[in-house]
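Results of the structural survey
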Amino acid sequence: MKLSIAAAIVLASSTLISATLAGAMLSVPAVAGSDQGLPCIARVIHSEELPFAPINTWLVKVTLEITPPNGGAFVTTLQDSIPWQVAPPRRGQTFRLRCDPANPGNLHLMSQAAAQTAF
């Protein structure tokens, strides 16, 4: 009985932690008009699924080529868990986000409406 309660607590904790980590990789800004950096285009150069992901998640390592409006592209690598319902990123996939070339780890996905008005 105690073992099943402990297992349930561990399972619930890992689910909450993985959901938090999934949002940490590329977080959506809280306010659409807030200045989170330059509107950039990200292209997946390399993506791989790693073993030992938490339950109900993919553990992915992604290398992105980020191109800001000024054209000074840079490459960054991210590793994080994403929910299993979301398809892992694939090579060649592109999307828009806000980035800061001085801080490559500070990436924020843009909403569809903001991405259309930014470019």
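Preceding this paragraph is the structure being described.
Residues numbered from 1 in each chain as written. Predicted model: local features only at pLDDT ≥ 70, side-chain atom pairs only at ≥ 80, totals over all residues. Heavy atoms only, no water.

1. Quick look at the pairing of strand β3 (residues 74-83)
Bridging between strand β2 (residues 57-67) and β3 involves ten bridges; their strand directions are antiparallel. When the sheet's bridge partners are listed, K61 is paired in β3 with Q79. Linkage of β2 to β3, two consecutive antiparallel strands, is achieved through a turn of six residues, within which G71 is found at a positive phi near 85°. (Pairing = 2+ DSSP bridges. Helix = DSSP H or I, 4+ residues; strand = E, 2+ residues; numbered from the N terminus.)

2. Focus: the state of the cysteines
All chains considered together, the criterion is met by one disulfide. One disulfide in the model links C40 with C99; its S-S distance is 1.9 Å. Between C40 and C99, the S-S dihedral sits near -60°, and the bridge is therefore left-handed. Of the two residues, C40 is situated in strand β1 (residues 38-50) and C99 in strand β4 (residues 94-99); the sequence distance between them amounts to 59 residues. Exposure class is identical for C40 and C99. Each is buried. (Disulfide = S-S within 2.5 Å. Buried < 20%, exposed > 50% of the residue type's maximum accessible area, 1.4 Å probe, protein only.)

3. Some details on the nonpolar core
Nonpolar side chains tend toward joint burial in soluble globular proteins. C40, V62, L64, I66, L97, C99 and L107 are the most contacted members of the largest nonpolar core, which has 13 residues in total. Elements represented by at least two residues in this core include exactly β1, β2, β3 and β4. For this core, the leading source of residues is β2, giving four residues. (Core = buried A, V, L, I, M, F, W, Y, C linked by side-chain atoms within 4.5 Å.)

4. A few points about the side chain of T63
Relative to the helices and strands, T63 is located in strand β2. Of note is the side chain of T63, whose polar atom sits 3.4 Å from the side chain of T77. Apart from the residues lying within four places of it in its own chain, the contact partners of T63 are R43, V44, I45, H46, V75, T76 and T77. (Polar contact = N/O pair within 3.5 Å; in protein donor to acceptor, adjacent residues only side chain to side chain. Contact = heavy atoms within 4.5 Å.)

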